[in-house]
Amino acid sequence: MSQTVSMQLTKNSKYKLNNGQYIPVAGFGVYLMPAEKTAELVYQALVEGYRHIDSAVGYYNEREAAQGVAKFLKDHPNVHRRDIWFTTKIRNQDQGYEETKESVKQIAADVKEYIDYVDLVLIHSAKTNKEKRLGTYKALQEFVGVNPVLQIKSIGVSNYGIHHLEELFNWDGYLIKPVVNQVELHPWLPRIELREYCAKLHILLEAYTPLTRGEKFTDPELVQLSQKYKISPADILLKWSYLQGFIVLAKTENPQRIRENLDALPDGPGDAFENPLGRRNSTLGRLDLEVEIIETLNKPNSKEVLTWGGVDPTLCE
Ligand SMILES: NC(=O)C1=CN([C@@H]2O[C@H](COP(=O)(O)OP(=O)(O)OC[C@H]3O[C@@H](n4cnc5c(N)ncnc54)[C@H](OP(=O)(O)O)[C@@H]3O)[C@@H](O)[C@H]2O)C=CC1
Ligand SMILES: O=C1Nc2ccccc2C1=O
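Residues numbered from 1 in each chain as written. Chains lettered and ligands numbered in written order. Predicted model: local features only at pLDDT ≥ 70, side-chain atom pairs only at ≥ 80, totals over all residues. Heavy atoms only, no water.

A. Highlighting the overall build of the protein. From N to C terminus, the protein includes 11 helices and 12 strands. Computed over the C-alpha atoms, the radius of gyration of the protein is 19 Å, within 12% of the 20 Å expected from 2.2 N^0.38 for a compact globule of 317 residues. Overall size of the protein, expressed as C-alpha extent along the three principal axes, is 60 × 45 × 35 Å. Intrachain contacts of the protein at a sequence separation of at least 6 include 75% that bridge at least 24 residues. A total of about 13,900 Å² of accessible surface is found on the protein, and carbon and sulfur atoms cover 51% of it. Seen as two clouds, the 38 positive and the 42 negative side-chain charges of the protein have centres 2 Å apart. (Helix = DSSP H or I, 4+ residues; strand = E, 2+ residues; numbered from the N terminus. Rg over C-alpha atoms; globule rule 2.2 N^0.38 Å. Contact = heavy atoms within 4.5 Å. Areas by Shrake-Rupley, 256 points an atom, 1.4 Å probe, with all protein chains shown as cover. Lys, Arg positive; Asp, Glu negative; His and termini not counted. Charge placed at Lys NZ, Arg CZ, Asp CG, Glu CD.)

Have a look at this one:
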């Protein structure tokens, strides 16, 4: 029998954040999802068992994503708003103190009637300047907790490098630690240094583009592993990402793949209750991946950026 790397993690696992809140590890991303399909796809993702939606103002489907959540909650009275995690992000062009307050007002106008509050708001990227970034963070800090405009439970950053995080920590207005840093992460971009830095501070990493947008599905090493162990490239990449300890954000518009992608994680206690089809994986609660797969995909020096035009946004000034 082959040796495996194993972790206790299931479809309904959550990680505890540095502010005491719990975030579901499996996130459903809606980037590039046509607005007219988004409510239905988010609804489907929730039916399959996802409990975390990753959205953004810049995706132009945030209202529809929130509508999908609201319809699901209406149809499933055993699931509550508090069971679902909804993330959005402040666009680069909306950065700055006043601009961010306006942007949050607009987010409230778009989603409050459907989901009441937002679990997490991120600064979408550091690609502005120091004044804009800190002004944005100042405004976001003011929304955390009770705020008549919109309640934001947690705040975080995306596409931040170590120097951007240090800029934040050294600022005299800094009050609330970001709970996550959402960055591109996969075997070809493992970001070892950033991960070690964030781990020390208990800032969790959210992995975007975990499937490499399918661009590495024909990579010879990945294909060979897929054939040898009879696991699809998508399944290998998602399992790899969960085993690194990331919160994993995968996107698909295909209902079959919504299910397949969540099935990278085993079912856990409680899943059968919410999913009448019951267990779809043989192991209850244990995520396994062959050691040879982990070792082959261990590329600590690789720096292949597949998003943002191939230029790493965490390295901007
Ligand atoms: N903060 C940021 O700057 C960024 C954040 N993100 C977030 O992360 C999420 C995921 O990242 P994303 O860049 O979309 O890329 P992913 O790595 O999730 O790949 C999505 C692509 O892979 C295809 N796909 C999905 N599942 C499968 C499967 N099982 N088999 C074969 N193909 C599959 C999808 O096609 P199809 O839809 O046809 O299935 C789609 O084209 C985004 O939606 C967004 O929420 C992403 C990029 C940047
Ligand atoms: O989800 C995203 N995908 C992207 C690709 C390029 C720039 C921004 C983004 C996103 O926010």
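B. Representation of the nonpolar core. The biggest cluster of nonpolar side chains holds 90 residues, and the ones touching the most others in it are F28, I53, V69 and Y242. Among the elements that line this core, the one with the most residues is helix α8 (residues 233–243), at 7 residues. In this view, Y242 contacts M7, L9, Y15, V25, A26, V248, A264, L265 and L287; residues no more than four positions away in its chain are not counted. (Core = buried A, V, L, I, M, F, W, Y, C linked by side-chain atoms within 4.5 Å. Buried < 20%, exposed > 50% of the residue type's maximum accessible area, 1.4 Å probe, protein only.)

C. Just the UniProt feature "domain: NADP-dependent oxidoreductase" (unreviewed entry) in the protein, in detail. The UniProt feature table records "domain: NADP-dependent oxidoreductase" (unreviewed entry) at residues 33–265. Overall, residues 33–265 shows 46% helix and 15% strand. The separation of its end C-alpha atoms is 23 Å. (UniProt positions renumbered as here; feature names shortened; annotations may be inferred.)

D. How the structure looks around the site of ligand 1. What surrounds ligand 1 is a group of 27 residues, the closest being D54, L211, T252, E253 and N261. Contacts to ligand 1 include V30, whose backbone N or O atom sits 3.4 Å from an oxygen atom. Mapped by element, the contributors of at least two residues to the shell around ligand 1 are β11 (247–250) and α9 (255–262). Its residues placed into classes, the shell around ligand 1 shows 11 nonpolar, 10 polar and 6 charged. (Near = heavy atom within 4 Å. Polar contact = N/O pair within 3.5 Å; in protein donor to acceptor, adjacent residues only side chain to side chain. Nonpolar A, V, L, I, M, F, W, Y, C, P; charged D, E, K, R; others polar.)

E. Broad picture of the packing of helix α1 (residues 35–48) against helix α2 (residues 62–75). Between α1 and α2, whose axes approach to 7 Å, the crossing angle comes to 40°. On the basis of their axis angle, the class for α1 and α2 is oblique. Remark: the crossing between α1 and α2 carries right-handed chirality. In contact with A35, T38, A39, V42, Y43, L46 and V47 of α1, α2 contributes E64, A65, Q67, G68, V69, K71, F72 and D75. Classifying every residue of the contact of α1 with α2 gives 9 nonpolar, 3 polar and 3 charged. (Axes fitted to C-alpha atoms, helices over the stretch in contact; angles between N-to-C directions. Parallel < 35°, antiparallel > 145°, perpendicular 65-115°, else oblique. Left-handed = near helix turned anticlockwise from the far one by under 90°.)

F. Just the side chain of T88, in detail. Within the secondary structure, T88 is located in strand β6 (residues 85–90). At 2.3 Å, the side chain of T88 and the side chain of E62 are in polar contact. Ignoring any residue separated from it by four or fewer positions in sequence, one finds T88 in contact with S55, A56, V57, E62, I107, V118, L120, V121 and L122.

G. Region of the structure containing the confidence of the model for the protein. For the protein, the mean per-residue pLDDT works out to 95, and 95% of the residues sit at or above 70. Predicted confidence is poor over residues 272–279, with pLDDT under 50, and the contacts of this stretch with residues over four places away or in other chains come to 9 contacts. Across the whole predicted complex the pTM is 0.96, and at the interface the ipTM reaches 0.98. (pLDDT = per-residue confidence, 0-100.)

H. Focus on the packing of α2 against helix α3 (residues 97–115). At a minimum axis distance of 8 Å, the contact between α2 and α3 shows a crossing angle of 10°. Considering the angle they form, α2 stands roughly parallel to α3. Where α2 abuts α3, its residues E62, R63, A66, Q67, V69 and A70 lie against I107, A109, D110, V111, E113, Y114 and I115.

I. A look at the site of ligand 2. Within the structure, ligand 2 sits among Y31, Y59, H124, R213 and W308. Between ligand 2 and the protein, one listed contact pairs an oxygen atom with a side-chain N or O atom of H124 at 2.5 Å. One of the side-chain N or O atoms of R213 is found 3.5 Å from a nitrogen atom in ligand 2.

J. The environment of E131, seen in detail. As for its placement among the helices and strands, E131 is situated in helix α4 (residues 130–143). On the basis of relative accessible area, E131 is assigned to the exposed category, the value being 69%. Note: C-alpha distance between E131 and G96 (35 residues apart in sequence) is 7.1 Å.

K. Examining the sheet that holds strand β8 (residues 152–158) more closely. Here we have 8 strands rolled up into a closed barrel, ordered β4-β5-β6-β7-β8-β9-β10-β11, and parallel in their pairing. For this sheet, the mean inter-axis angle between neighbouring strands, taken without regard to orientation, is 30°. Sheet analysis places strand β9 (residues 180–184) next to strand β10 (residues 204–208), joined by 5 bridges and oriented parallel. Its bridge partner lying in β10, N181 is registered against L205. (Pairing = 2+ DSSP bridges.)

L. Summary view of α1. With 14 residues, α1 extends 20 Å from end C-alpha to end C-alpha; this agrees with the ideal 20 Å at 1.5 Å per step. Here α1 has its buried residues at T38, L41, V42, Y43, A45, L46 and E48. Each element contacted by the buried residues of α1 is listed here: β4 (26–29), β5 (52–54), α2 and α9. Remark: G49 follows α1 within two positions and exhibits a positive phi of approximately 125°. (Expected span 1.5 Å × (residues − 1).)

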